[in-house]
Amino acid sequence: VGSMVYGLSLIVNGPLTDRLGGRTTILISAAGAALANIWMGYMAATGEHFGMKPVTAFTTAYGMNMFFQSFGAISIVKVNAAWFHLRERGTFGGIFGILISLGLYFAYDLGKRITETMHVQWLFYIPAGLLLVFFVLSAIWVRNQPSDTGHANFDLGDATNEGEKLGPGRVFIRMITHPVLIIIALIEMCSGFLRQAILQWGTDFGKGIGLGKTFVFQNWGLVSCIAGITGGMFAGAISDHLFQSRRSPVSAVLYGIMLVGAISIVPLFAAPWAIGWSVAMMSMAIIGVHGMLTATASADFAGKKNTGMAVGLIDAFVYVGSMIQSFIYGAYLPAAKIRDAKGCLVSNPAAKQIDNWHVWPYAMIPVAAIGFLLTLRIW
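What counts as what
- Residues numbered from 1 in each chain as written.
- Predicted model: local features only at pLDDT ≥ 70, side-chain atom pairs only at ≥ 80, totals over all residues.
- Heavy atoms only, no water.
- Helix = DSSP H or I, 4+ residues; strand = E, 2+ residues; numbered from the N terminus.
- Rg over C-alpha atoms; globule rule 2.2 N^0.38 Å.
- Buried < 20%, exposed > 50% of the residue type's maximum accessible area, 1.4 Å probe, protein only.
- Areas by Shrake-Rupley, 256 points an atom, 1.4 Å probe, with all protein chains shown as cover.
- Lys, Arg positive; Asp, Glu negative; His and termini not counted.
- Charge placed at Lys NZ, Arg CZ, Asp CG, Glu CD.
- Phe/Tyr/Trp six-rings, centres within 6.5 Å; stacked < 30°, edge-to-face > 60°.
- Patch = residues over 30% accessible without salt bridge, like charges linked within 9 Å, V, L, I, M, F, W, Y side chains within 5 Å.
- Salt bridge = Lys/Arg side-chain N within 4 Å of Asp/Glu carboxyl O.
- 1 Å grid on protein atoms, 1.4 Å probe; cavity = no way out; pocket = protein on both sides within 12 Å on 5 of 7 lines; lining within 4 Å.
- Points joined across faces, edges and corners; volume = space filled by probe spheres on them.
- Core = buried A, V, L, I, M, F, W, Y, C linked by side-chain atoms within 4.5 Å.
- Contact = heavy atoms within 4.5 Å.
- Polar contact = N/O pair within 3.5 Å; in protein donor to acceptor, adjacent residues only side chain to side chain.
- Axes fitted to C-alpha atoms, helices over the stretch in contact; angles between N-to-C directions.
- Parallel < 35°, antiparallel > 145°, perpendicular 65-115°, else oblique.
- Left-handed = near helix turned anticlockwise from the far one by under 90°.
- Nonpolar A, V, L, I, M, F, W, Y, C, P; charged D, E, K, R; others polar.

Draft legend 1. Molecular detail of the overall build of the protein chain. Along its length, the protein chain carries 14 helices and 2 strands. Here the protein chain has a C-alpha radius of gyration of 21 Å; the compact-globule value for 379 residues is 21 Å, and the two agree. With the C-alpha coordinates aligned to their principal axes, the bounding extent of the protein chain is approximately 65 × 50 × 30 Å. Counting all 379 residues of the protein chain, 50% fall into the buried class. Looking at the protein chain as shown, the accessible area adds up to about 17100 Å², and 69% of this sits on carbon and sulfur atoms. Considering the protein chain, the positive charge centre built from 24 side chains and the negative charge centre built from 17 side chains are found 2 Å apart.

Spelled out as structure tokens, the structure:
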């Protein structure tokens, strides 16, 4: 539900960000997501579900959270499109990947420590507090473009001038019919599948094949964070300095790493101790691709005036991919816990059988292959 709400919201919130400005929608995003988390924290603390079943109540609140979060990436890229020249945006895409990666560390490792040392409602209240702090900081410091701070605006070297001549309606038509943008959107659909396949199922996979106590899977957030930072900076640097600010060649290199990593897991079932590091390399590659295409290529093609629309369209495909993997893996991978005859949650014996986890890499291999071939198509 969260992926579905996020993906559908992007289609609306992209043009809305172009109309209202990135600064305004950053504030809307932070305030709305904070309120949704406070709501979830209140329900966790009190047991009050407002006449709904607990799953329905939390799903509703989480859907609200994801609606407001969907402004986040659009707003950030929208603001930065006006501040960074085309030649500098690869590096910014790397910085964007760092931000995503730090969030993974907070969510997986610090979130686990919160639940181990505090009441569960603080898993929601602490992020809400951070969002409110950044609401204030953004209100004070974030500005939409250099001229808002007394500096001169400058030629960004992207499609800004052409986009302003065409207007948003014609830009939208051009985007959904532009062959390169269509391919980028399809690549990002593959990225969404692969990114969430790794992030959402990686720790369960590690436990299922007997690696739950190894470094990679015990420190999943830290490893994902380091991998994402490495991938983002690697992608940004080689895009700006090796490939003359082109994004597709970098994405092809990273997708190649992703494909090799997914294939390597299959023979490594015989020597599972090495799988963790292969998964870490895959995480590095796919976070790098996401920053390169969603945060960078979309701004290049649309120009600063229509960045929100482009990011929204491309990121929507990311969450279509995420939704597809949720259905596939939710149907075919074993749940970590099941209910016994008394209705209590207990460990699922099927989740500890290695054979039940083979579908995890098998499903990723064709998706990574399609993404790799598509990146070669627009090299």
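The discussion continues.
Draft legend 2. Layout of the packing of aromatic side chains. Going through the model one piece at a time under the given rule, you end up with 16 aromatic pairs. When the ring of Tyr 105 is compared with that of Phe 106, the centres are 6.2 Å apart and the planes differ by 50 degrees; the resulting orientation is tilted. In textbook terms, an aromatic cluster arises when at least three aromatic residues are bridged by ring pairs, as seen for Phe 205, Phe 269, Trp 357 and Trp 360.

Draft legend 3. View of the environment of Thr 117. Relative to the helices and strands, Thr 117 resides in helix 4 (residues 89-117). Judged by relative accessible area, Thr 117 falls into the exposed class, the value being 65%.

Draft legend 4. A look at a positive patch on the surface. Together, Lys 112, Arg 113, Lys 207, Lys 213, Lys 337 and Lys 352 give the surface a local cluster of positive charge. Inspection of the secondary structure puts Arg 113 in helix 4.

Draft legend 5. Examining the layout of surface pockets more closely. Reported here for the second largest pocket is a volume of approximately 270 Å³. Asp 204, Lys 207, Gly 208, Pro 334, Ala 335, Ala 336, Lys 337, Ser 347, Asn 348, Ala 351, Lys 352 and Trp 357 are the residues that line the second largest pocket. For the lining of the second largest pocket, the leading source of residues is helix 8 (residues 179-208), giving 3 residues.

Draft legend 6. Here's a closer look at the nonpolar core. Counting 57 residues, the largest nonpolar core has Leu 194, Phe 205, Met 258, Tyr 329, Trp 360 and Met 364 as the members making the most contacts within it. The set of elements that each furnish at least two residues to this core consists of helix 8, helix 9 (215-218), helix 10 (220-241), helix 11 (248-268), helix 12 (275-302), helix 13 (307-332) and helix 14 (359-377). The leading source of residues in this core is helix 8, at 12 residues. Those residues in contact with Tyr 329 that lie beyond four places of it in its chain are Phe 193, Ala 197, Trp 201, Val 359, Trp 360, Ala 363 and Met 364. Among the nonpolar cores identified, the runner-up in size contains 12 residues, and Met 66, Ile 74, Phe 92 and Phe 96 belong to it.

Draft legend 7. Seen up close, the side chain of Ser 322. Looking at the element boundaries, Ser 322 is found in helix 13. Here the side chain of Ser 322 touches Ser 3 through a polar contact of 3.0 Å, side chain to side chain. Discounting chain neighbours no more than four positions away, the residues touching Ser 322 are Ser 3, Gly 192, Phe 193, Gln 196 and Gln 200.

Draft legend 8. Representation of the packing of helix 10 against helix 11. With their axes 9 Å apart at the nearest point, helix 10 and helix 11 run at an angle of 140 degrees to one another. When the interaxial angle is binned, helix 10 and helix 11 end up oblique. Handedness of the crossing formed by helix 10 with helix 11: right-handed. Contacts between helix 10 and helix 11 pair Phe 234, Ala 235, Ile 238 and Ser 239 from the former with Val 250, Val 253 and Leu 254 from the latter. Tallied by class, the residues present in the contact of helix 10 with helix 11 amount to 6 nonpolar, 1 polar and no charged.

Draft legend 9. Geometry of the side chain of Ser 138. Here Ser 138 lies in helix 5 (residues 122-141). Residue class for Ser 138 comes out buried when judged on its relative accessible area of 12%. Reaching out from Ser 138, the side chain makes a polar contact with the backbone oxygen of Phe 134 at a distance of 2.8 Å. Those residues in contact with Ser 138 that sit more than four places away from it in its chain are Arg 23, Ile 26, Leu 27 and Arg 143.

Draft legend 10. Representation of the packing of helix 11 against helix 14 in the model. At a closest axis distance of 8 Å, the pairing of helix 11 and helix 14 adopts a crossing angle of 160 degrees. Put simply, helix 11 runs roughly antiparallel to helix 14. Of the two elements, helix 11 crosses helix 14, and the hand of that crossing is left-handed. Between helix 11 and helix 14, the contacting residues are Ser 248, Ser 251, Ala 252, Tyr 255, Gly 256, Met 258, Leu 259, Ala 262, Ile 263, Ile 265 and Val 266 on the first element and Trp 360, Pro 361, Tyr 362, Met 364, Ile 365, Ala 368, Ala 369, Gly 371, Phe 372, Thr 375 and Leu 376 on the second. Considering only residue class, the contact of helix 11 with helix 14 consists of 17 nonpolar, 5 polar and no charged.

Draft legend 11. Highlighting the environment of Met 175. Here Met 175 shows up in helix 7 (residues 168-177). Of the residues examined, Met 175 reaches a relative accessible area of 7% and is grouped as buried. C-alpha of Met 175 to C-alpha of Val 318: the two residues are 143 residues apart in sequence and 16 Å apart in space.

Draft legend 12. Inspection of unusual backbone geometry at higher detail. For Phe 50, which is not a glycine, the phi torsion comes out positive at approximately 55 degrees. By secondary structure assignment, the location of Phe 50 is in the loop between helix 2 (22-46) and helix 3 (54-81). Judged by its relative accessible area of 45%, Phe 50 is partly exposed.

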